[in-house]
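Coordinate analysis (summary)
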Protein chains: 2
Amino acid sequence: MKKGCPYGTHRVIEPKGVLPQPALKIDNDMEIYDNEILIDVQTLNIDSASFTQIKEEAQGDIEKIKEIMKNIVATRGKHQNPVTGSGGMLIGTVEKIGPALEGKTDLKVGDKIATLVSLSLTPLRIDEFLETRKDIDQVDIKGKAILFQSGIYAVLPKDLPENLALSVLDVAGAPAQAAKLVKPGDYVVVIGGTGKSGMLCLYEAKKRVGVTGKVICVGSTDKSVARAKGANLADEYIKVDATDALALHDKVKELTNGRMADVTINCVNIPNTEMTSILSTKNEGLIYFFSMATSFTKAALGAEGVGKDVTMIVGNGYTKGHAEIALQIMRESETLRKIYEELYG
Amino acid sequence: MKKGCPYGTHRVIEPKGVLPQPALKIDNDMEIYDNEILIDVQTLNIDSASFTQIKEEAQGDIEKIKEIMKNIVATRGKHQNPVTGSGGMLIGTVEKIGPALEGKTDLKVGDKIATLVSLSLTPLRIDEFLETRKDIDQVDIKGKAILFQSGIYAVLPKDLPENLALSVLDVAGAPAQAAKLVKPGDYVVVIGGTGKSGMLCLYEAKKRVGVTGKVICVGSTDKSVARAKGANLADEYIKVDATDALALHDKVKELTNGRMADVTINCVNIPNTEMTSILSTKNEGLIYFFSMATSFTKAALGAEGVGKDVTMIVGNGYTKGHAEIALQIMRESETLRKIYEELYG
Ligand SMILES: NC(=O)c1ccc[n+]([C@@H]2O[C@H](COP(=O)([O-])OP(=O)(O)OC[C@H]3O[C@@H](n4cnc5c(N)ncnc54)[C@H](OP(=O)(O)O)[C@@H]3O)[C@@H](O)[C@H]2O)c1
Ligand SMILES: NC(=O)c1ccc[n+]([C@@H]2O[C@H](COP(=O)([O-])OP(=O)(O)OC[C@H]3O[C@@H](n4cnc5c(N)ncnc54)[C@H](OP(=O)(O)O)[C@@H]3O)[C@@H](O)[C@H]2O)c1
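My aim in this report is to walk through the structure given alongside it, one point at a time. (Residues numbered from 1 in each chain as written. Chains lettered and ligands numbered in written order. Predicted model: local features only at pLDDT ≥ 70, side-chain atom pairs only at ≥ 80, totals over all residues. Heavy atoms only, no water.)

1. Considerations on the site of ligand 2
We count it as follows: Throughout, near means a residue has at least one heavy atom within 4 Å of the molecule or strand. The definition of a polar contact used here is a pair of N or O atoms within 3.5 Å, where within protein one atom must be able to donate a hydrogen and the other to accept one, and adjacent residues in sequence count solely through side-chain atom pairs. In short, Shrake-Rupley with a 1.4 Å probe defines the accessible areas, and a residue's cover is counted only from the protein chains shown. A run of H or I in DSSP counts as a helix once it spans at least four residues, and a run of E counts as a strand once it spans at least two, with each numbered from the N terminus. In this classification, the charged set is Asp, Glu, Lys and Arg, the nonpolar set is Ala, Val, Leu, Ile, Met, Phe, Trp, Tyr, Cys and Pro, and all remaining amino acids, among them Gly, are polar. Domain borders in the structure are assigned automatically or taken from a domain database.
Inspection of the region around ligand 2 gives 27 residues, with B:D47, B:T194, B:S197, B:S220 and B:S224 positioned closest. Close to ligand 2, residues of chains A and B are found. The contact in question runs from an oxygen atom of ligand 2 to an N or O atom on the backbone of B:K196, over 2.8 Å. B:S220 is positioned with one of its side-chain polar atoms (N or O) 2.4 Å from an oxygen atom of ligand 2. Bound to the protein, ligand 2 loses 88% of the 930 Å² it would expose on its own. Looking at the shell around ligand 2, the elements with two or more residues in it are α1 (48-57) and α5 (196-209) of chain B. Residue composition of the shell around ligand 2, grouped by class: 9 nonpolar, 13 polar and 5 charged. In terms of domain composition, the shell around ligand 2 takes at least three residues from each of domain 1 (9-156) and domain 2 (173-343) of chain B.

Right under this line is the structure:
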């Protein structure tokens, strides 16, 4: 059996020398190396920015969506959207564990797990499309995937429905970071606060700002804003198109009496909201870009362009304990759990 | 006289509603609005990532470089490289000050200034190319530019040569951030530490880490590494191709006895070094991406992909006092000043 690198570089076909995530093509042959785990895949949860792009390209047509997904995997050996660069995650059952991992992993063959590393670096083979739930970015398939030694995962909890856990785990980095970054007394703006990651961020932020702080939810549709309001997730709600930087700036200014946000969390799934985040944040404030549609140069040069001294953080999908924090919200909050079961369950 | 928005949105032609930086095309007519400043341009300092791309496209040919630059300005009304998204900055003389700025600015007509906002949002007209200094990304032109009300600038200091000041101010954000982020005892890796921004970062980092810390300089050519070594800018030097993530990881591991970097500063001008930065940094460490060639998704998904809990910061070109901090280095360090005069003076 062939020996593998912990990071999976042994599977990189092109360009040589890079890691699987930035690679253009990786080897998705399903014979495992000594330190790999083979997964029998059940469901793919495509990253929201990626699936939005695919749906647009397919003009909503399910067969076209499948074709695009198939092409991506055929070309790259992994489900990495060439336009957004992003992936998503999956759930499946452990089918084989490489002998080099013995004593190093607590996984057993037969365990149902969610991978917490992006599909954009996961060797994947799709054999058949079963069900496509296009409103929640989930696709049931027959297929296999490989988890590298350095890859992280969560064993699916027994007390939560699988699809619910999958949806929540997909965005687990966001609430965990919100919990870390928000301080008592902070004014927090969550752009895309009405979405899957956004509502979890609102919940964590609200727990932390206390009575002197303020949490502001930004969404773009009446329905989603009403949903967040109904669950009492924030102190204030704004319905606005998040690409309109000046419009949101003015509303945040009004609601914060000119102070602006101490912390802005960006959870949208559309491009061109960097300036909106920058203008909504106070000088020396902090912006957490969880959105995968964020452009590095637009953020860096946008802040400089208006002379704004803000700290801007790249939304690392992983932070210690993120899976536990996110799943715990579903146990803590009856209201949120109901919403997530309805939307993603 | 027409009234302008402080952020310059009145000059955005396409798409409507966005700010000048993300805009595809802005109006570069040189009749000023009431809150604008007209600059008689002397020199453009093109962003290193952008100029590297332009030089490659032109295969080093000066006439082709001029043609590409001309096309960029003709298409966008500003010098924003469509491939890298980045700009650069300029020096010139204040020619007109809009009446709405009276009492609000300390600039006078005739002042020689450097704009500290990116060329990627600055209305620019190029009338004639004078001299192209292609090794240091500088181009002398005849032309005009507009500074918006929110735009930041520095009056050129009398005690430093102009081109030197321009070069240093171009990357002023980097040393100022290094000064903020590095703590006593830290192990600091500066990737691209041999370059213009990199050497300034090494200098600030070395001041701060103290005797218990360690500063490691990474460059890719013998000459540039020897230069940094000659100036005693770091404690250790590594010559390696920064796109080779595993190679640098191994060297940093060796030099830090397995601890890895507390802070990694990325100052390269080439793509595909996100994973290199991530693997060189310890868990719960910090990465500052100053490089404009950074990809947001490669950073976010790369860190997640190897389960690395690192804080990644987008290199905002602006932070309070950045111009003063950067220029001060040229006064403090005889050695660095000599190097910068030789390279960029
Ligand atoms: N960093 C990571 O590791 C990581 C991991 C997973 C996902 N992500 C990214 O996180 C982002 C959000 O994911 P998600 O699953 O939470 O997405 P989601 O549930 O689809 O939510 C998208 C949000 O964006 C809002 N939005 C869309 N268009 C808008 C507009 N024009 N104006 C204002 N708001 C708008 C939506 O609000 P309305 O419904 O009110 O329009 C909604 O709140 C995506 O970009 C995804 O790629 C990142
Ligand atoms: N965030 C902002 O606001 C802002 C403002 C200005 C500039 N920037 C960005 O900052 C970056 C650096 O700018 P600069 O003016 O300092 O550039 P520079 O002087 O050209 O330096 C580039 C550095 O990258 C290194 N490098 C290039 N290829 C390499 C490789 N394959 N392996 C290892 N090192 C390599 C060079 O080292 P060797 O010479 O040893 O090869 C040098 O140290 C650029 O990406 C630029 O776009 C950002």
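2. Looking at a negative patch on the surface
Residue and element names in this part refer to chain A. As a reminder, the rule being used: A residue counts toward a patch only above 30% relative accessible area and without a salt bridge, and it is joined to like-charged neighbours within 9 Å or, for Val, Leu, Ile, Met, Phe, Trp and Tyr, to nonpolar neighbours within 5 Å. For this analysis, a salt bridge means a side-chain nitrogen from Lys or Arg found within 4 Å of a carboxyl oxygen belonging to Asp or Glu. Under the convention used here, Asp and Glu are negative, Lys and Arg are positive, and both His and the chain ends fall outside the count. Here the site of a charge means NZ on Lys, CZ on Arg, CG on Asp, or CD on Glu. Accessible area is worked out with a 1.4 Å probe on protein chains only. A residue is then buried under 20% of its type maximum, exposed over 50%, and partly exposed in between.
A surface patch of like charges, here negative, comprises D241, D244, D250 and E254. Topologically, D241 is positioned in the loop between β11 (236-239) and α7 (245-255). Residue D241 is classed as partly exposed on the basis of its relative accessible area of 43%.

3. Some thoughts on the sheet that holds strand β5 (residues 112-115) of chain A
All names here are of chain A. Defined as follows: At least two DSSP bridges between two strands are needed for those strands to be called paired. In this analysis an axis means a line fitted to C-alpha atoms, helices contributing only their contacting stretch, and an angle means the value between N-to-C directions, from 0 to 180 degrees.
Strands sit in the order β6-β7-β3-β4-β5-β8 across an open sheet of 6 strands; the sheet is antiparallel. Pairing within the sheet leaves two strands with one partner each, and these edge strands are β6 (124-133) and β8 (153-155). Within this sheet the neighbouring strands show an average axis-to-axis angle of 30 degrees, counted without direction.

4. Quick word on unusual backbone geometry
All names here are of chain A. For the bond running from E14 to P15, omega is -10 degrees, close enough to zero to count as cis. Mapping P15 onto the fold places it in the loop between β1 (12-14) and β2 (25-26). Its identity is not glycine, yet E284 carries a phi of approximately 65 degrees, on the positive side. On the accessibility criterion, E284 (52% relative accessible area) is exposed.

Remember that the coordinates give geometry; whether it matters functionally is a separate question.
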